[in-house]
Amino acid sequence: MSIPEMKAEWKRIVSDNGILLYEGYTFNNKPYGKGTTYFSNGNRYQEGQFGIKGLLSGKEYYPNGNLRFEGEFRLNRAYGPNAPISGAFYDEEGRLVFQGKFQLRYGGVGYPMVVMPEQYGPVPQAGRPKELKYLMWEDIS
C-alpha cells in the first residue's frame, strides 16, 4: 500500500491546558512532514520527518534535553508506534552507546520492542506528549 500525496500545512498543536505538543507540518491536524514534538517540560521530544504512526527519520531526546537517538525508524504496519531501525543511540548523559542496525522483536499484536541495543528501553518514552495523536492509516483512506 502506498501513501497518497497529501497537502500538509504548518501548525502549532497545543494541549487543552496550553502546553505546546507539536509545531511543524500537519495533515488532518496530526504531525505529517517536518516538525518537532515536545515534552510537557518544554524540551524537544522528537524532531524530523513525521508520517504515519510518528517519526520516520530524525532525532529523539530525553526529557533532560540530551539526544537519545538519531537515525531512521521503521514504519510499523501493526499495533504500536514506529521503532528505530538504524542510527546512533546515546545514554542520558550524552555518551554514544550504540551505532548501527537495531534488532526489533514484535509482541503478539505487532507492538515493537528493541532487542539490540538492550539498554534502549521502551520505544515510546515515559513523559512523551500522550495527548498528541499521530497520523494513522484511516486518516489517509
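In what follows, the structure referred to is the one given above.
Definitions and cut-offs
- Residues numbered from 1 in each chain as written.
- Predicted model: local features only at pLDDT ≥ 70, side-chain atom pairs only at ≥ 80, totals over all residues.
- Heavy atoms only, no water.
- Helix = DSSP H or I, 4+ residues; strand = E, 2+ residues; numbered from the N terminus.
- Rg over C-alpha atoms; globule rule 2.2 N^0.38 Å.
- Buried < 20%, exposed > 50% of the residue type's maximum accessible area, 1.4 Å probe, protein only.
- Contact = heavy atoms within 4.5 Å.
- Areas by Shrake-Rupley, 256 points an atom, 1.4 Å probe, with all protein chains shown as cover.
- Lys, Arg positive; Asp, Glu negative; His and termini not counted.
- Charge placed at Lys NZ, Arg CZ, Asp CG, Glu CD.
- Salt bridge = Lys/Arg side-chain N within 4 Å of Asp/Glu carboxyl O.
- Phe/Tyr/Trp six-rings, centres within 6.5 Å; stacked < 30°, edge-to-face > 60°.
- Lys NZ or Arg CZ within 6 Å of the ring centre and 35° of its normal.
- Polar contact = N/O pair within 3.5 Å; in protein donor to acceptor, adjacent residues only side chain to side chain.

J.: Can you walk me through the overall build of the protein in this structure?
T.: Secondary structure assignment for the protein yields zero helices and ten strands. Each helix (α) and strand (β) of the protein, taken in turn from the N terminus, gives the series β-β-β-β-β-β-β-β-β-β. The globule rule puts the C-alpha radius of gyration for 141 residues at 14 Å, and the 15 Å found for the protein is close to it. Along the first, second and third principal axes, the C-alpha set of the protein runs to 35 × 35 × 25 Å. A burial count over the protein gives 45% of its 141 residues as buried. If you take every contact in the protein between residues at least 6 apart in sequence, the share linking residues at least 24 apart comes to 37%. Accessible surface computed for the protein: about 7,900 Å², of which carbon and sulfur atoms make up 49%. Measuring between centres, the 17 positive side-chain charges of the protein sit 3 Å from its 15 negative side-chain charges.

J.: I keep staring at the pattern of salt bridges and nothing clicks. Help me out?
T.: Two side chains carrying opposite charge are able to pair once their charged atoms lie near each other. For the coordinates displayed, the defined rule picks out five salt bridges. The closest approach of N and O atoms between E47 and R44, which form a salt bridge, is 3.2 Å. For R44, a relative accessible area of 36% translates into the label partly exposed. For the salt bridge of D91 with R95, the shortest nitrogen-to-oxygen distance reads 2.9 Å.

J.: Honestly, the packing of aromatic side chains in this entry has me stumped. Any pointers?
T.: Aromatic rings considered in pairs are described by the distance between their centres and by the relative angle of their planes. Across all of its chains, the model carries eleven aromatic pairs by this definition. Taking the centre distance of 5.2 Å and the plane angle of 85 degrees together, the rings of F69 and F102 count as edge-to-face. Highlighted residues: F69 in strand β6 (residues 67-74) and F102 in the loop between β8 (96-101) and β9 (103-106), separated in sequence by 33 residues. The exposure class assigned to F69 is buried, which follows from its relative accessible area of 0%. Judged by its relative accessible area of 4%, F102 falls in the buried class. Put simply, the rings of F69, F73, F89, F98, F102 and Y120 pair up and form one aromatic cluster. Here the basic side chain of R44 rests over the ring of Y61, its NZ or CZ set 4.2 Å away from the ring centre. Above the face of the Y120 ring, R68 is positioned so that its terminal group lies 3.8 Å from the ring centre.

J.: I would appreciate a short explanation of the side chain of E47 in the present structure.
T.: Examined against the element boundaries, E47 turns out to sit in strand β4 (residues 44-51). Separated by 3.2 Å, the side chains of E47 and R44 make a polar contact.

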